[in-house]
Amino acid sequence: MRGTVRRDAVIGVDAARAWQIVGRPELLHHWFPGVDDCRVDGDRRTITLGTGLTVDETIVTNDPLQRRFQYRIAGGLVTEHLASVDVIALTPGSCLVTYASDADPAAMAIMLGGATGGALAELRRQLESGHGPALDALDTAPGGTP
Amino acid sequence: MGRKILFVTTDQQRYDTLGCNGGTLSRTPVVDELAAQGIRYARAVPQSVVCMPSRATILTGQHPDTHGVWMNGVALPVDAPSVAAVLHRSGYRTALVGKPHFEPFLDPFGRFVENRLARDGVPTATSPWFGGGDGPHRGFDHLELATHGSVGPLHYARWLAATHPDALGGFYPVLDGDFEVNAAGGGDTGAPQVKDNPVPRDWYHTDWVADRTIAWLDGLAADDDWFCWMSFPDPHHPWDPPVSEMGRVDWRDVPLPAGYVADPAERTRILDAKPRHWRLWYDGKLVSNYEAPARWVPATLTADQVREVNARNAVEVELIDEAIGRVLAAIDARGWSDDLDVVFTTDHGELQGDFGLLFKGPYHVDGLMRLPLVWRPAPSAGVAPATVTRPVGLVDLAPTFCAAAGLAAEPWMEGVALPVDDHDADRRHPGRAVTVWDSELLGVDVHLRTITRDGWVCTTYGPGTVHDGTEGELYDLADDPRQQVNRWDDPAVASVRADLVDDLRAQLRTPRRPRLPLEAPV
């Protein structure tokens, strides 16, 4: 059975600022608690979880105009999966970030949903405080903060 | 030197499985003797009928609306109040051995401390306490953890994998390939969550919990004060006790439980008089609790399957009783017995054939709500043996531990130290217990609020997937001990209903906001 879980957070920074992190798939482990490492090769991303488990993902959308990032977990834990992260401008100084997890089996959607909730909380913490490893990585990475 | 406290919990155990409560299927001489020496509670009520909210209530001494663990899969914040932390700060050595379940088990990201301890090879973790200081995880300076089955990140599973890898496959696989609670049947009858387990008894988690408890106690100094929560994962399903022990109870000799309604027509008539989700679950059309196998239809449950489940459950209960006896003997050998308080209870019950159902869910009836609870105060305290018939709650345990330790209850604790007899109950205990259920699982939500008082159990329903908020249940525990006649709409007891509903609403706590997130199915 398929399940869907959506988490969201209102973050007190411009959408463009939030997208700088969300749209950089190689930075995931800097703001997603429980992801210890992350490697990107083209449209392939491999993440290492806190349990040591590695998960292969396919990036299916990385659209800076719509500020939408989507990826699929490739096999293993799931029969089917699609994650969608959207950054939506609310005001010049705030945005809504949603993180949706659709998965079969449904129990996996709930587990992923719980983890994405923690990720959004950490994303908000870093962006609103102006400090944190994702921002540090952004500043030092090629194509980082202008 | 103060009183030592051995707090024993089981998981999902019915009131009527103990000899001291009238049970005849299992032999429980150790707990029966504790009851004879101490206080037996005839109406102990959980504040939730699933593990995580109920265990959070035990640890915090708070109702679920206050501590915020509103369903399984919601993690108790690490800085939540903890009676273990109170005891630790007053000088007690503190341990939790066995099943914790304050944090979700299904945790592929390894985000939760309980799931990381065994991997990290540490007995506890430094965590923030409610007071703002730092200390061991939830106030426990030693944790050795186990749950049902042989897989997962906790200490027992890792120990078994490291030392007896051949035994792993003998256990029932709790989850299926879709991470759903497994519906596969086994044993002689094909009952769900049943398997013949060839694991030697010494390697089974019940004996492991006792062994590790004794090992921790052995490391204490003679003059240490200590609080040990010994938390057995059984008799919660799966029902896969060591096959070597199955000869204790032959399922063919097991009588059907009094709550089992043999005639299917009568059974569905009774269910149809209850709110809709009862019958919908029975027919396999609505599952509102992850821990009830989604692919299992209760209407398919046979009488023989009920017998076999009850037999296996009885075996598990006996093994626990014997394990407790071993721990008590070890304590006695240390010379601590005269100053030892023992509290025995469980987190919630099990339907175990009542109404033709198994497992648990949003069903506030005795199978899930009437718990075994025995408190044997330290003999040095000179408390006379008694039976308390008035309702008490698991929310009362935290202040009871404080009282045994000579400490005042903390202001955030919402219960009252357990009464030692009915007179004491009438004098200082509220005489009522409140139980709540909230679940939102894959588009299905269910909300119950229940009060147990004056020989009645009264449940109101909030609006949800299959309820409009006007439904209710009302049972007279004296005339209808198996809750088969729902009197919610009986005009003869309208005033009783109105009084109970008013009282229930007055007792409810303000739900924690913002609501804690659902992190995992369980």
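Before reading further, recall that the structure is shown in the block above.
Notes on the structure in this doc start here.

How each quantity is defined
Residues numbered from 1 in each chain as written. Chains lettered and ligands numbered in written order. Predicted model: local features only at pLDDT ≥ 70, side-chain atom pairs only at ≥ 80, totals over all residues. Heavy atoms only, no water. Pairing = 2+ DSSP bridges. Helix = DSSP H or I, 4+ residues; strand = E, 2+ residues; numbered from the N terminus. Axes fitted to C-alpha atoms, helices over the stretch in contact; angles between N-to-C directions. Contact = heavy atoms within 4.5 Å. 1 Å grid on protein atoms, 1.4 Å probe; cavity = no way out; pocket = protein on both sides within 12 Å on 5 of 7 lines; lining within 4 Å. Points joined across faces, edges and corners; volume = space filled by probe spheres on them. Nonpolar A, V, L, I, M, F, W, Y, C, P; charged D, E, K, R; others polar. Phe/Tyr/Trp six-rings, centres within 6.5 Å; stacked < 30°, edge-to-face > 60°. Buried < 20%, exposed > 50% of the residue type's maximum accessible area, 1.4 Å probe, protein only. Lys NZ or Arg CZ within 6 Å of the ring centre and 35° of its normal. Patch = residues over 30% accessible without salt bridge, like charges linked within 9 Å, V, L, I, M, F, W, Y side chains within 5 Å. Areas by Shrake-Rupley, 256 points an atom, 1.4 Å probe, with all protein chains shown as cover. Salt bridge = Lys/Arg side-chain N within 4 Å of Asp/Glu carboxyl O. Buried area = accessible area lost by both parts, 1.4 Å probe. Polar contact = N/O pair within 3.5 Å; in protein donor to acceptor, adjacent residues only side chain to side chain. Parallel < 35°, antiparallel > 145°, perpendicular 65-115°, else oblique.

**Here we look at the sheet that holds strand β16 (residues 456-461) of chain B**
Residues and elements named next belong to chain B.
Move 1: Spatially, β14-β15-β16-β17 is the arrangement adopted by the 4 strands of the open sheet, whose pairing is antiparallel. Two strands in the sheet have a free side with no partner beyond their single neighbour: β14 (432-441) and β17 (472-476). Between one strand axis and the next, the sheet turns through 10° on average, direction left out of account.
Move 2: In this structure, β16 lies alongside β17, joined through 5 bridges in antiparallel fashion. Looking across to β17, one finds that Thr 460 is bridged to Gly 472.
Move 3: Against the sheet, helix α14 (residues 494-507) contacts β14, β15 (444-453), β16 and β17, and its axis sits at roughly 110° relative to β15.

**Topic: the layout of surface pockets**
Residues and elements named next belong to chain B.
Move 1: Considering only enclosed or pocket space, the largest pocket measures out at about 860 Å³ in volume.
Move 2: Lining the largest pocket we find 38 residues, and of these Phe 105, Leu 106, Val 151, Gly 152 and Leu 175 sit closest to its centre.
Move 3: In terms of residue count, helix α5 (residues 113-120) provides more of the lining of the largest pocket than any other element does, 3 residues in total.
Move 4: A per-class count over the lining of the largest pocket returns 20 nonpolar, 11 polar and 7 charged.
Move 5: Quantified by volume, the second largest pocket comes out at close to 630 Å³.
Move 6: Around the second largest pocket, the lining comprises 30 residues; the ones closest to its centre are Arg 14, Asp 16, Pro 257, Ala 258 and Gly 259.
Move 7: When residues of the lining of the second largest pocket are traced back to their parent elements, those giving at least two are α10 (303-333) and α11 (366-369).

**Let's talk about the packing of aromatic side chains**
Move 1: Under the definition given, this model contains 22 aromatic pairs over all chains.
Move 2: Where Phe 32 of chain A meets Tyr 99 of chain A, the ring centres are 6.1 Å apart and the plane angle is 80°; that geometry is what we call edge-to-face. Within this pair, whereas Phe 32 of chain A is found in the loop between α1 (15-22) and β2 (35-41), its partner Tyr 99 of chain A is found in strand β7 (residues 94-104), the two being separated by 67 residues in sequence.
Move 3: Owing to a relative accessible area of 1%, Tyr 99 of chain A belongs among the buried residues under this scheme.
Move 4: Among the aromatic residues, those joined into a cluster by ring pairs are Trp 239, Trp 278, Trp 281, Trp 296, Phe 355, Phe 359 and Tyr 363 of chain B.
Move 5: The aromatic ring of Tyr 15 of chain B is capped on one face by Arg 370 of chain B, whose charged end is 3.8 Å from the ring centroid.
Move 6: In this structure, Arg 497 of chain B packs its charged tip against the face of Trp 488 of chain B, placed 3.8 Å from the ring centre.

**Topic: a nonpolar patch on the surface**
Residue and element names in this part refer to chain A.
Move 1: Residues Val 10, Ile 88 and Leu 90 make up a contiguous nonpolar surface patch of about 240 Å² in total accessible area.
Move 2: Among the structural elements, Ile 88 can be located in strand β6 (residues 80-91).
Move 3: Under the relative-accessibility criterion, Ile 88 is labelled partly exposed at 40%.

**A look at the pattern of salt bridges**
Move 1: Summed over the entire model, instances satisfying the criterion amount to 56 salt bridges over all chains.
Move 2: In this structure, the salt-bridge partner of Arg 39 of chain A is Asp 37 of chain A, at a minimum N-O distance of 2.9 Å.
Move 3: On the accessibility criterion, Arg 39 of chain A (57% relative accessible area) is exposed.
Move 4: In this structure, the salt-bridge partner of Arg 93 of chain B is Asp 224 of chain B, at a minimum N-O distance of 3.3 Å. In this pair, Arg 93 of chain B sits in strand β3 (residues 93-98) while Asp 224 of chain B sits in the loop between α7 (205-218) and β9 (226-235), placing the two residues 131 residues apart along the sequence.
Move 5: Judged by relative accessible area, Asp 224 of chain B falls into the buried class, the value being 17%.

**What to know about the interface of chain B and chain A**
As a measure of interface size, the accessible area lost when the parts come together is often cited.
Move 1: With 19 residues of chain B in contact, the opposing surface of chain A contributes 21 residues.
Move 2: Carbon and sulfur atoms make up 71% of the surface buried where chain B meets chain A, a total of about 1700 Å² over both sides.
Move 3: Scanning the region where chain B abuts chain A turns up 5 residue pairs in polar contact (both at pLDDT 80 or more).
Move 4: When its residues are assigned to classes, the side of chain B that touches chain A shows 11 nonpolar, 1 polar and 7 charged.

**Some details on unusual backbone geometry**
Residue and element names in this part refer to chain B.
Move 1: That bond from Asp 234 to Pro 235 is cis: its omega, 5°, falls within 30 degrees of zero.
Move 2: Tracing the chain through its elements places Pro 235 in strand β9.
Move 3: Here Arg 138, not a glycine, exhibits a phi torsion of approximately 55°, which is positive.
Move 4: Turning to its location among the elements, Arg 138 is positioned in the loop between β5 (134-136) and β6 (142-145).

**Comments concerning the side chain of Thr 9 of chain B**
Residue and element names in this part refer to chain B.
Move 1: Turning to its location among the elements, Thr 9 is positioned in strand β1 (residues 4-11).
Move 2: On the basis of relative accessibility, which here comes to 2%, the residue Thr 9 falls in the buried class.
Move 3: A distance of 2.7 Å separates polar atoms of two side chains, one belonging to Thr 9 and the other to Trp 229.
Move 4: Only 3.2 Å separates the side chain of Thr 9 from the side chain of Ser 231, close enough to count as a polar contact.
Move 5: The residues contacting Thr 9, other than those within four sequence positions of it, are Trp 229, Met 230, Ser 231, Phe 232 and Thr 345.

**A word on the packing of α7 of chain B against α10 of chain B**
All names here are of chain B.
Move 1: Contact geometry of α7 with α10 gives a least axis separation of 9 Å together with a crossing angle of 10°. The orientation of α7 relative to α10 falls into the category roughly parallel. Where α7 approaches α10, its residues Thr 206, Asp 207, Ala 210, Asp 211, Thr 213, Ile 214 and Leu 217 are matched on the opposing element by Leu 319, Ile 320, Ala 323, Arg 326, Val 327, Ala 330 and Ile 331.
Move 2: In the contact of α7 with α10, the residues fall into 9 nonpolar, 2 polar and 3 charged.

**Structural notes on the pairing of strand β5 (residues 68-73) of chain A**
Residues and elements named next belong to chain A.
Move 1: The pairing of strand β4 (residues 54-63) with β5 spans 6 bridges and is antiparallel. Bridging from a neighbouring strand, Asp 63 pairs with Arg 68 of β5.
Move 2: Connecting the antiparallel pair β4 and β5 is a turn made up of 4 residues, with Arg 67 showing a positive phi of about 55°.
Move 3: Direction of pairing for β5 relative to β6: antiparallel, over a ladder of 4 bridges. Each residue of the ladder has a partner; that of Phe 69, found in β6, is Val 85.
Move 4: The turn joining β5 and β6, which pair antiparallel and follow one another in sequence, is formed by 6 residues; a positive phi near 65° is taken by Gly 75.

**A word on the sheet that holds β6 of chain A**
Residue and element names in this part refer to chain A.
Move 1: Within the open sheet, the 7 strands sit side by side as β1-β7-β6-β5-β4-β3-β2. Their pairing is antiparallel. Edge positions in the sheet fall to β1 (3-11) and β2, since each of these pairs with one other strand and no more. Going from strand to strand, the sheet's axes swing by 20° on average, the running direction of each strand aside.
Move 2: Alignment of β1 against β7, held across 9 bridges, turns out to be antiparallel. Each residue of the ladder has a partner; that of Thr 4, found in β7, is Asp 102.
Move 3: Running at roughly 155° to β6, α1 makes contact with β4, β5, β6 and β7 of the sheet.
Move 4: Relative to β1, helix α2 (residues 106-129) is tilted by about 10°, and along the sheet it contacts β1, β5, β6 and β7.

**Things to note about empty space enclosed by the protein**
Residues and elements named next belong to chain A.
Move 1: Throughout the structure, instances matching the rule amount to 6 cavities of 30 Å³ or more.
Move 2: Looking at the lining of the largest cavity, the elements with two or more residues in it are β3 (44-49), β4, β5, β6, β7 and α2.
Move 3: The element best represented in the lining of the largest cavity is α2, accounting for 3 residues.
Move 4: Class assignment of the residues belonging to the lining of the largest cavity gives a composition of 15 nonpolar, 3 polar and 1 charged.
Move 5: Put simply, the second largest cavity is a space of about 110 Å³.

By themselves, these are just geometric observations and shouldn't be taken as functional.
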